[in-house]
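# Understanding the architecture of this molecule
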Amino acid sequence: MHKSQVYSFVIILLLLSENISGQAYNNQLFIPPVLSGNNFNLSFNASTRQFFPGLTTDTYGINGDYLGPTLVFQKNDSVFINVTNNLFEVTSCHWHGLHVPALYDGGPHTTINPGTTWYAHFKVLNNAGTYWYHPHVHMNTLPQVNSGLAGMIIVKDSAEGLLNLPRTYGVDDFPVILQDKKYSISGQMLANALGDSMQVNGTIHPYLNCPAQIVRLRLLNGSNARVYNLGFSDQRNFYVIGNDGGLIDQPYSTNRLLLANGERVEILIDLSVDTPGTSFILKSFASEMASDIPGAITGMMGGNGPLEAVDFNIMQLNVITPTANPVLTVPVNLIPLSPWNPVNANRIRYKEVSGLGMVSGQGNFMMDNTTYDHMIINDTMRLGDIEIWNIANNSNMAHPMHIHDVQFYILHRNGSGPGMYEKGLKDVVLVKPGETVSLITKFEDFSDDSIPYMYHCHNLAHEDMGMMLQFIVTSGTSGVGAIQNTDHTYIYPNPTSDYWQLQLNSYPEKVNLYNMQGEKVTTPIIISSSKMVSVGDSQLQPGIYILKISYKERDISKTLVKY
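Residues numbered from 1 in each chain as written. Predicted model: local features only at pLDDT ≥ 70, side-chain atom pairs only at ≥ 80, totals over all residues. Heavy atoms only, no water.

## So, the overall build of the chain
Tallying secondary structure elements over the chain gives 5 helices and 39 strands in all. Computed over the C-alpha atoms, the radius of gyration of the chain is 24 Å, within 12% of the 24 Å expected from 2.2 N^0.38 for a compact globule of 563 residues. For the chain, the spread of C-alpha atoms along the three principal axes comes to 80 × 65 × 50 Å. A buried classification covers 57% of the 563 residues belonging to the chain. Across the chain, every contact between residues at least 6 apart in sequence was considered, and the portion connecting residues at least 24 apart equals 75%. As presented, the chain carries roughly 21,100 Å² of accessible surface, and 51% of it is formed by carbon and sulfur atoms. Put simply, the chain has 32 plus and 46 minus side-chain charges, and the middle of one group is 3 Å from the middle of the other. (Helix = DSSP H or I, 4+ residues; strand = E, 2+ residues; numbered from the N terminus. Rg over C-alpha atoms; globule rule 2.2 N^0.38 Å. Buried < 20%, exposed > 50% of the residue type's maximum accessible area, 1.4 Å probe, protein only. Contact = heavy atoms within 4.5 Å. Areas by Shrake-Rupley, 256 points an atom, 1.4 Å probe, with all protein chains shown as cover. Lys, Arg positive; Asp, Glu negative; His and termini not counted. Charge placed at Lys NZ, Arg CZ, Asp CG, Glu CD.)

So, in structure tokens, the structure goes:
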């Protein structure tokens, strides 16, 4: 090993040890800039940043060198978003937690090729709350998020606006994106499941100046695999006011909060009784977690660094003088909750998580005894239906399960009601080994017979290895349990920036493409002997097209989208 490499490695080790011991909090927490309004332009770029003195780290960033701006949406507004991929690899952009059409959900079927721009347009239907955006490329989500492609979304609405809550961004209302990282001796980020140092908003050894009043932290677990057991060094209580899908009905006072991958929570801290100059630490009390939760035992998912199975420091909070018009009380009531009644459920589904990846080290976890296949629709939901899902974890590791498109309420864990911290709408739930978690949701507003939504483990290492399935929402009137995709035609990707690939059930007589005016479009259409069809090229103009596939016995049509 070269002397400079040894020196760099020693620097990293020293800095990491300071991070754990809490002896150095010398970097003010970076607060991402805000983009608001109706029109947004996001650029995914390759860049660099110096996280450690004298070491340059290769990064990805959105409109910057690492992470992305905070997007602020107003409920019921229509937003128009351009996402430009300036990387040298395919990416995508998923609006995690937002209820949007499948066409704009940004899952693995909706990829953005290098040098192209993807256009998303949707009406904001979610309640006021904290959401986020990140890539969702099959088998490559972890490396891209780990490199810096992620950002927070804040939705506002009139109901939240009537409450006496802190909401001055960066003053008494703070975004807090938690990520652990693993570095090489040269200072490069390694795409490991578990890291050995902490970053908050991309800041190492951060401190946050908080006025002596009620402050609001929007906590997001943006880590690859680590689950956090959050609390403060002085054991002070804080108030949970919101979950993944927005505010809950009443503040819940606690001094611990388990936050799994992809989950968000909004908390209030009462600093009105603290003297300016007081400092305390946001910590993860990992030693208190069950040993089957990632980060609670050395060796799990390759974790062998200083953060495993110990209590460790995350960020220092410094109390400063209050603002001119401080919030000094915690509201007694927030937003009424309206869970769907289980007696009105149209269908009950049973989902099983299985595998022994924690023992084998191969990550062989599965859902419903299968792994992700891009060409197979695993479930079909009927528009307007209320469904109950019972998710049983028969594996040996806790898994944060995430469903696209919808928010849900947790009904119970192993027959007992959910914890107070799990009240309200959610889109991620941590399911522990031996547990069956029951949840209720409704599939409304959007249907699409071609483009699916995902449901998957939000441990990014597991997701990339195929612990993910997909569903479509259909507006058809066929009964529950009807065969999905009866013509057995699968399209990928759709939308596309270039061409579509179709897998057919049998060899067609002819295939034609038409525009929305009914005019036949001239574009390359290649039919192979393997019943695969390739349609389009880079010269085809953006728009919506109808593909007509003719067999001897019938014709079928498919909607294709070019952006």
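## Examining the pattern of salt bridges
Counted under the stated rule, the structure contains 25 salt bridges. Among the charged side chains, a salt-bridge network with shared partners connects E160, R167, D173, R216, R218 and E266. (Salt bridge = Lys/Arg side-chain N within 4 Å of Asp/Glu carboxyl O.)

## A word on the pairing of strand β32 (residues 468-474)
Counting buried positions over the 7 residues of β32 gives 7, a clear majority of the element. Both strand β25 (residues 379-382) and β32 contribute to a ladder of 4 bridges, which runs parallel. Its bridge partner lying in β32, M381 is registered against V473. Note: strand β31 (residues 448-457) against β32, 5 bridges, orientation antiparallel. (Pairing = 2+ DSSP bridges.)

## Notes on the nonpolar core
Counting 57 residues, the largest nonpolar core has F73, I81, W95 and F122 as its most contacted members. Per-element accounting of this core gives the leading share, 4 residues, to β31. Among all residues touching W95, those that are not within four sequence positions of it are L42, L71, I81, V83, Y104, D105, W118, A120, F122, W132, Y133 and I153. (Core = buried A, V, L, I, M, F, W, Y, C linked by side-chain atoms within 4.5 Å.)

## Here we look at the packing of aromatic side chains
The full count for this structure, using the stated rule, is 16 aromatic pairs. Through a chain of ring-to-ring contacts, the aromatic side chains of F40, F73, W95, W118, F122 and Y133 assemble into a single cluster. Over the face of the ring belonging to F280 we find R236, whose NZ or CZ atom lies 3.9 Å from the ring centre. The positively charged end of K351 is found above the aromatic ring belonging to W389, 5.6 Å away from the centroid. (Phe/Tyr/Trp six-rings, centres within 6.5 Å; stacked < 30°, edge-to-face > 60°. Lys NZ or Arg CZ within 6 Å of the ring centre and 35° of its normal.)

## Notes on the sheet that holds strand β28 (residues 408-413)
Taken together, 5 strands build an open sheet; the order of strands is β24-β23-β26-β30-β28 and the sheet is mixed. The open sheet has two free edges, formed respectively by β24 (366-367) and β28, since each of these has just one partner strand. Here strand β26 (residues 386-393) pairs with strand β30 (residues 436-442) via 7 bridges, running antiparallel. When the bridges of β30 are listed, W389 appears paired with L439.

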